[in-house]
Amino acid sequence: MAPNTVVITLEKPEKFSLIEMNDSSPLSKSQEKEKATSPKRLTWVFLLKSQRVLTFVPRLAAKSIGVFGSIRKRIASSDLNEEDPRYRGRLYKFIKVSLAISVIALFVELIAFYNKWDLSLMNPWEVPNLVQLYVAWMDFRADYIAPLVVTLSRFCILLFMIQSLDRLIQCLGCFWIKFKKLKPVVEGEDIEDGSSCPMVLVQMPMCNEREVYEQSIGAVCQLDWPKDRFLIQVLDDSDDELIQKLIREEVMSWREKGVNIIYRHRFIRAGYKAGNLKSAMACDYVKDYEFVAIFDADFQPNPDFLKLTIPHFRGKPDVGLVQARWSFVNKDENLLTRLQNINLCFHFEVEQHVNGIFLNFFGFNGTAGVWRVKALEDSGGWLERTTVEDMDIAVRAHLNGWKFVFLNDVKVLCELPESYEAYKKQQHRWHSGPMQLFRLCLPAIITSKISIWKKVNLIFLFFLLRKLILPFYSFTLFCIILPLTMFIPEAELPAWVICYVPIIMSILNILPAPKSFPFLMPYLLFENTMSVTKFNAMVSGLFQLGSAYEWIVTKKTGRSSESDLVSLAERETKALNEDKIQRRLSESGLEILSKLNVQKPVAMKKENRIYRKELALAFLLLTAAARSLLSKQGIHFYFLLFQGVSFLVMGLDLIGEQVS
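Residues numbered from 1 in each chain as written. Predicted model: local features only at pLDDT ≥ 70, side-chain atom pairs only at ≥ 80, totals over all residues. Heavy atoms only, no water.

A. View of unusual backbone geometry. Positive phi, normally seen in glycine, also occurs at Asn 208, with a value near 55 degrees. Within the secondary structure, Asn 208 sits in the loop between β4 (200-206) and α4 (213-221). By relative accessible area, which is 28% here, Asn 208 ends up partly exposed. We note that Tyr 272 has phi near 55 degrees; this positive angle belongs to a residue other than glycine. As for its position among the elements, Tyr 272 is in helix α6 (residues 272-281). Taking the relative accessible area as the measure of exposure, Tyr 272 reaches 30% and is therefore partly exposed. (Helix = DSSP H or I, 4+ residues; strand = E, 2+ residues; numbered from the N terminus. Buried < 20%, exposed > 50% of the residue type's maximum accessible area, 1.4 Å probe, protein only.)

Set out below in C-alpha cells:
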C-alpha cells in the first residue's frame with residue numbers, strides 16, 4: 001500500500017465498496033516548512049517553561065522569607081514570664097530530667113557511631129571514661145529499666161486498644177443511625193395557638209463579654225415565641241463598669257422595642273457561672289416558667305430555636321433536657337480553629353448523637369440547651385463545687401431518672417477560640433473539671449437506684465475511659481515512652497502502635513468533617529501535642545492541685561458571620577458611640593467629659609507566649625528522632641520528627657492568633 005493511503009471500512013460492506021485514496025504527490029511547501037520549524041517550537045516551549053520556573057523560585061523564596069520573618073517577629077514579641085508556673089510543676093521537672101538524660105545518651109551514641117563501636121559487644125575497659133559509664137548504664141538498663149518500661153508500654157497499649165474499640169463502636173452506632181435514619185420524634189401536633197405555648201425562661205450568663213454581648217442579645221431577643229410567654233434574663237457578672245453600662249443600655253434598647261428582658265448584675269462573682277445561674281433561678285418569678293433555655297455570651301440561636309426544641313418535651317414527662325448542636329462562624333479562620341472543628345464535629349455528630357439515641361444520656365454542653373425546670377429542681381439545682389457545672393447537673397439528673405434528647409439537626413452559631421492561649425486554658429478547665437466531679441459523684445453513682453448497666457456506663461465509659469484513660473495513655477505512650485524507647489531498644493514499640501492504628505482512629509475522627517481530610521496528619525500531631533495539657537489538667541483535677549478550680553473566661557473576638565466584615569464595622573461604630581451611651585446613663589455631661597479625659601485609648605499590643613513544657617517535650621522528641629536516625633528506624637524517625645516540630649510550634653505559640 002502506498003504512503004499517504006486512507007482506508008475506510010464500513011460495517012455493512014455488501015452495500016458499500018472499499019475506497020482507497022492514494023496521494024503520491026510530494027509534500028507541500030507549507031508542510032515541509034512546518035516540519036523544519038518544529039525543533040524551534042520545542043526550543044521556545046522549553047524556554048517558556050524555564051522562565052516560569054525561574055520566576056516561581058524568587059516568589060517562593062520571597063514568601064518563605066515573609067513566613068520566617070513573621071515567625072521571627074512573633075518569637076521576638078514573646079515573654080518568658082507570661083506562662084503561669086502552676087501549669088508546669090513536677091511534670092515539667094520530670095520532662096527536663098528525661099531530656100537531660102536523652103541528650104547525654106545521644107552524645108555517647110554519636111561518639112560510638114562515628115568510631116564504629118558496637119557498645120553491646122565492647123568491654124567497658126576498652127573505651128573512654130564517659131563511654132564506660134554508658135556501657136555500664138546499658139547493662140543496668142537491660143536488667144532493670146527495660147522490663148518496667150515494657151510493662152508500662154504494654155499497659156498503655158492495652159488502654160489504647162480499649163479506647164480505640166470504644167471509638168469504633170461509637171462510629172458504627174453513628175453509621176447505624178444514618179442508615180436507619182433514626183432521630184427524635186415529636187409527639188402530638190404543632191402548636192398553633194400562642195396562648196397554649198409553655199412559659200420559657202431564657203438565661204444569658206456573661207462576664208466581661210464586650211465583643212459579643214450585642215449580637216448575642218440581639219439574636220435571643222428575636223426568638224420566634226409569643227412575647228408574653230417568655231422572659232430573657234441577661235446575667236452579667238462583669239467587673240468592668242463600662243461593659244456593665246453597655247450591656248445595660250443594650251437591654252434597655254430591646255425593652256423599649258417590647259421585648260420582655262431584664263438585666264441582673266452580681267457584685268460578688270461567687271461560684272462563677274454556676275453561682276450566676278443559681279442566683280438567677282432563686283428569683284420568685286421563676287416558678288411561673290416550665291422550661292429554661294441557656295445561651296452563653298457568644299451563642300446566636302436562630303429565631304426558630306424554641307419551636308424546634310420545646311415540642312420534644314410534649315408528651316414525654318421524663319425528658320429533662322433537649323440539647324442542640326453547635327456550629328462555628330470562624331472554623332476556617334486559622335489552622336487552630338480548623339483542628340478544633342474536627343474535634344467538636346466528632347463530639348456532636350458521633351458521641352452526643354449516639355449516646356442520645358441509644359442511652360438517652362450525654363453530658364450537657366452548658367449552652368444551646370433547654371432544661372425542664374422541674375428536672376433542675378429535682379436534681380438539686382446548680383452547684384458551685386466544680387468548674388464543669390453543666391456535666392455536674394447532667395449526671396445528677398441522670399441519676400434521678402431524667403432522659404435527654406440530642407437534636408443533631410438544630411444548630412446554634414458560636415465561636416471557637418482563635419489563640420492557643422485561650423484554647424489551652426479552655427481545655428484545662430474541660431479536663432480538670434470531670435475528674436473533680438468523678439471524685440464527688442462516685443459514691444452517689446454507686447448507691448443510686450439506676451440499673452447496673454447505667455452505673456457501668458457512667459463509671460467506666462463516661463468518666464474513666466473518655467475522661468481519664470484517654471489523656472493518660474495519649475501523653476504517656478506517645479510523648480514519654482516512645483522517645484525513651486529510642487534509648488531503650490529492648491522496649492521498642494511496634495509500628496502499628498505509633499502509625500497504623502492512630503491513623504485509622506484519626507480517619508474515624510475526621511469523618512464527620514469530610515472537608516477537613518487534608519488536615520489529617522496535622523490533626524493527629526495536634527491531638528498528641530494537646531495531650532500534655534489534658535494530662536496535666538486530669539491529674540490536677542483528680543488530686544485537687546492548685547489550678548484545678550481556676551475559671552478563666554474564654555476570649556472572644558465577636559465574629560458574627562463567616563466574612564466578619566459587617567460585625568467589625570458595627571463594633572467600630574459602637575465604640576465611637578460609647579460616649580453617647582455613657583452620656584445617657586450619667587447624670588450630667590461633665591461626668592462623661594471627665595471620664596473621657598482620664599480614659600485615653602490604649603492600643604492593644606499583641607504578643608506571644610512561650611510554653612516551656614511544650615518546648616521541653618519538643619527537644620526530647622527531636623533528640624529521640626536523632627537517635628532513631630542513627631539506628632535507621634524509618635517510621636519511628638518520621639513520627640518523632642514531625643511530633644517534635646509540632647510541639648515546637650505549640651511551644652513558641654506559632655499556631656492561632658496572638659494574644660492581645
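And the narrative resumes.
B. Representation of the pairing of strand β7 (residues 291-294) within the structure. Alternating positions in β7 separate into two faces, Phe 291 and Ala 293 on one and Val 292 and Ile 294 on the other, with burial throughout. With four bridges joining them, β4 and β7 adopt parallel strand pairing. For Leu 201, the partnering residue across the bridge sits in β7 and is Val 292. One ladder, built from four bridges, connects β7 with strand β9 (residues 369-372); its direction is antiparallel. Residue pairing across strands places Val 292 opposite Trp 371, the latter belonging to β9. (Pairing = 2+ DSSP bridges.)

C. Geometry of the packing of helix α10 (residues 389-399) against helix α12 (residues 452-485). In the contact formed by α10 and α12, the axes pass within 11 Å of each other and the chain directions differ by 160 degrees. With respect to α12, the element α10 is oriented roughly antiparallel. Regarding α10 and α12, the two cross each other, and that crossing is right-handed. Between α10, through Met 391, Val 395, His 398 and Leu 399, and α12, the contact on the second element is made entirely by Lys 454, Leu 458, Phe 462, Phe 463 and Lys 467. (Axes fitted to C-alpha atoms, helices over the stretch in contact; angles between N-to-C directions. Parallel < 35°, antiparallel > 145°, perpendicular 65-115°, else oblique. Left-handed = near helix turned anticlockwise from the far one by under 90°. Contact = heavy atoms within 4.5 Å.)

D. A look at the nonpolar core. Ile 217, Ile 232, Trp 371 and Val 395 are the most contacted members of the largest nonpolar core, which has 89 residues in total. Counting residues per element, this core draws most heavily on strand β10 (residues 403-414), which supplies seven residues. With near-sequence residues (within four places) excluded, Val 395 lies in contact with Phe 361, Leu 437, Cys 441, Leu 458, Phe 462 and Phe 463. Met 138, Phe 160, Leu 468 and Val 532 belong to the second largest nonpolar core, which has 59 residues in total. (Core = buried A, V, L, I, M, F, W, Y, C linked by side-chain atoms within 4.5 Å.)

E. How the structure looks around α12. With 34 residues, α12 should cover 50 Å at 1.5 Å per step; its first-to-last C-alpha distance of 41 Å lies more than 12% under that length. Of all the bends in α12, the greatest, near 50 degrees, is centred on Leu 464. The element α12 is extensively covered by neighbouring structure, given that 24 of its 34 residues are classed as buried. (Expected span 1.5 Å × (residues − 1). Bend = angle between axes of the 7 residues up to and from the residue.)

In short, shape yes, function no, at least from these values alone.
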